[in-house]
Amino acid sequence: MELFCLIKYSSFLIYNLSVYLFVYYLNIYNSWEIYKDWWFNEIKNNEIYDYIVVGAGSAGSVLASRLSENGDKILLIEAGGMPPSLINIPIISPALQESIYDWRYITTSQTNACKGLINNQSIWPRGKVFGGTSRLNYMIYARGHPDDFKEWFPDFQEFSLEENEYVSINDLNWSTKLTESILKGVNEMGYTVQDINKERNTGFMKTKVFMKNGERWSSDRVLKQNKNNLFIINYANVDKVLFQLKKAIGVEFSKLGKTYKALATKGIILSAGAIGTPKILMLSGVGPKNHLDELKIDVVSDLPVGQNLMDHLITGLDLVILNSSQPVSIIDLLNPLSAYQYYFHKKGLWSFNGIDVIGTFHSSLQNNISAPPDLELMVMPIGISQDNGINWRKAMGISDKVFQEYFARLTYQNVVTLAPVLLHPKSLGEIKLQSKNPRDSPIINPNYLSNNEDVKTLIEGIQFVKKLLTTETMKQLGATLYRKPFPGCEEKIFDSKDYWECYIRHLTLTSYHPAGTSSMGSVVDKSFRVYNTTNLYVVDASVFPILPSGNINAAVIMLAEKAAQLFQQRQKNQLFGKCHVRNIFFLRSSNVF
């Protein structure tokens, strides 16, 4: 036992050094890329394009590439740059959060939630890089339930990514012993093990991921496939949209201390995400009149931009202890054989995204089992305690006090995470501008757990985890609940509803799925056009009026494909209309003569 502890402690030191060197490498690489871009790429001011797309994330990359296929001259503007190929290794995802490729957003202090986090604030990673957050996320492919989309995206299944030539989706080629145990356990409970992207869209499955040849598939890969008519400006921040009356004619952007303008004849498309897009809209005069008046921003269109902020909530980290061996550990991660397997065969632990199983199900609060599920379970074969607080707890904002009193005790034990996820929160937040200075981060208030129904649903998720632990399969692993009271909840009776409510309000974490801040039906119409404007569109997660029942990256890409089809069809209709008028003219002329 002492030898094991010594080996594990040594692994923490090596891991800490590795993370430090990796982050240092990313900073040096990014600085070098900025220098090369400054030296070799000259920007022409007031250049004219057909479309300008703002943001090269999951939506923007796909949309820009599709539009360029149509022969249009496209400008794609991205605040970040191209990262090194090293970050395509799936297992390093946690190290990318809080890195140079992360916007490093942080919410306001929450009144009803996040009490176990530093200053009651939730850290929100967002990709500041080509590929956007698809470069930072855990690569999960989940389409959601058909009813999630029926009111605003009824044909979403026509844009299935399984048959998309751009996108690469695969099963995990490596998983832990926990995978089969969980799937057998939920099956023992009466739940179906199946591909939740098909059939009834509920059940449990081994995780499907955006992956190609063992590497992360991120949406910027499509930009390398198609460069015709596509012009890219990176390391540039769009400050505002330019208008002539209510017609969007271009954007103003800043790069390396200089300000430029770019113009577009057919449209400006904002794909900067659920935080970036409402920020740009409000800076441009599109947003709530009262808020814009406070900041002395001229109002172009009075719309509820920034409202309806939604996010999937997760809790339950490190809640399950095993008396069998740890499914995966820091020692396994640092094993030279893991590196060998990955670099020579693109297999093994380094090709793992960190999540064994996902599943969606209905809580007992939901009577209609044909409706979208209200809970998801994410199964991770490790806990944030297992790196001794070096990286993972910092990325989530866990306070020092909470880590030391609760998580640190698990460092040398075998811990896994069976985390319930709230799929359809009733608590809605908002995004506002801090000032009219584009360099200031926006004010992000998700208003977590302000509606008590969300707490009740998450308690149901905890109860599901407890039932799962009573199955024969999980008993064979010696799986038990971690029974130490969470700091701040010591006065509650452990395992009572009051205790779990306290626990959830303390350990409230984002699933990295913000959406809804430029909702379809209130800010944009079904053609993605911003109301009361012309030539201004939004295509990203901010247009979701409700959250999908699962991880949202797939839905964002499908939405971009839908938008590209609409833009292409609109252009065909315009061309047809011109040809039709011309043909009538010549027909009449021939009759005259």
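First, a word on what this report is: a plain description of the structure on this page. Note that this is a predicted model, so its numbers are computed, not measured. (Residues numbered from 1 in each chain as written. Predicted model: local features only at pLDDT ≥ 70, side-chain atom pairs only at ≥ 80, totals over all residues. Heavy atoms only, no water.)

Moving on to helix H12 (residues 452-469). Taking 1.5 Å of rise per residue, the 18 residues of H12 would be expected to cover 26 Å, and the 26 Å separating its terminal C-alpha atoms lies within 8% of that figure. Restricting attention to buried positions, one finds in H12 the residues Asp454, Val455, Thr457, Leu458, Ile459, Gly461, Ile462, Phe464, Val465, Leu468 and Leu469. (Helix = DSSP H or I, 4+ residues; strand = E, 2+ residues; numbered from the N terminus. Expected span 1.5 Å × (residues − 1). Buried < 20%, exposed > 50% of the residue type's maximum accessible area, 1.4 Å probe, protein only.)

In total, this model carries 2 cavities of 30 Å³ or more according to the counting rule given. What lines the largest cavity is Leu309, Met310, Asp311, Leu313, Pro425, Ser427, Pro446, Tyr448, Leu449 and Asp454. When grouped by side-chain class, the residues that make up the lining of the largest cavity number 7 nonpolar, 1 polar and 2 charged. Counted as a void, the second largest cavity has a volume near 40 Å³. Ala142, Gly144, His145, Ile196, Asn197, Asn201, Thr360 and Ser549 together form the lining of the second largest cavity. Across the lining of the second largest cavity, the residue classes tally to 2 nonpolar, 6 polar and no charged. (1 Å grid on protein atoms, 1.4 Å probe; cavity = no way out; pocket = protein on both sides within 12 Å on 5 of 7 lines; lining within 4 Å. Points joined across faces, edges and corners; volume = space filled by probe spheres on them. Nonpolar A, V, L, I, M, F, W, Y, C, P; charged D, E, K, R; others polar.)

What follows concerns a positive patch on the surface. On the surface, Lys240, Lys261, Lys296 and Lys436 cluster together into a patch of positive charge. Using a relative accessible area of 36% as the deciding quantity, one classes Lys261 as partly exposed. (Patch = residues over 30% accessible without salt bridge, like charges linked within 9 Å, V, L, I, M, F, W, Y side chains within 5 Å. Areas by Shrake-Rupley, 256 points an atom, 1.4 Å probe, with all protein chains shown as cover. Salt bridge = Lys/Arg side-chain N within 4 Å of Asp/Glu carboxyl O. Lys, Arg positive; Asp, Glu negative; His and termini not counted. Charge placed at Lys NZ, Arg CZ, Asp CG, Glu CD.)

On to the layout of surface pockets, then. By volume, the second largest pocket is sized at about 610 Å³. For the second largest pocket, the lining is made up of 26 residues, of which Asn41, Phe231, Ile232, Ile233 and Asn234 are closest to its centre. Residue assignment for the lining of the second largest pocket shows that the elements contributing at least two residues are helix H1 (2-40), strand S1 (47-54), helix H5 (221-225), strand S9 (230-233) and strand S12 (258-270). Broken down by element, the lining of the second largest pocket gets its largest block of residues, 4 residues, from S9. Grouping the constituent residues of the lining of the second largest pocket by class yields 12 nonpolar, 3 polar and 11 charged.

The next point concerns the side chain of Ser61. Checked against the element boundaries, Ser61 lands in helix H2 (residues 58-69). Beyond its immediate sequence surroundings of up to four residues, Ser61 is in contact with Gly55, Ala56, Gly131, Ser219, Asp220, Val222 and Leu223. (Contact = heavy atoms within 4.5 Å.)

Turning to the pairing of strand S17 (residues 357-361), a few remarks are in order. Judged by how many residues are buried, S17 sits mostly within the fold: 5 of 5 residues are covered. Both faces of S17 are covered, namely the face carrying Val357, Gly359 and Phe361 and the face carrying Ile358 and Thr360. One ladder, built from 4 bridges, connects strand S6 (residues 203-206) with S17; its direction is antiparallel. Looking at the pairing, Met205 lines up with Ile358 of S17. (Pairing = 2+ DSSP bridges.)

Here the focus is the state of the cysteines. For the coordinates displayed, the defined rule picks out 1 disulfide. Here Cys489 pairs with Cys502 through a disulfide, and the sulfurs are 2.1 Å apart. Judged by the torsion about the S-S bond (-90°), the Cys489/Cys502 disulfide is left-handed. Taken together, the positions of Cys489 in the loop between strand S22 (480-481) and helix H14 (497-506) and Cys502 in helix H14 put the pair 13 residues apart, joining distant regions of the chain. Cysteine Cys114 remains unbridged, with the sulfur of Cys489 as its closest cysteine sulfur at 13 Å. Since its relative accessible area comes to 0%, Cys114 is described here as buried. (Disulfide = S-S within 2.5 Å.)

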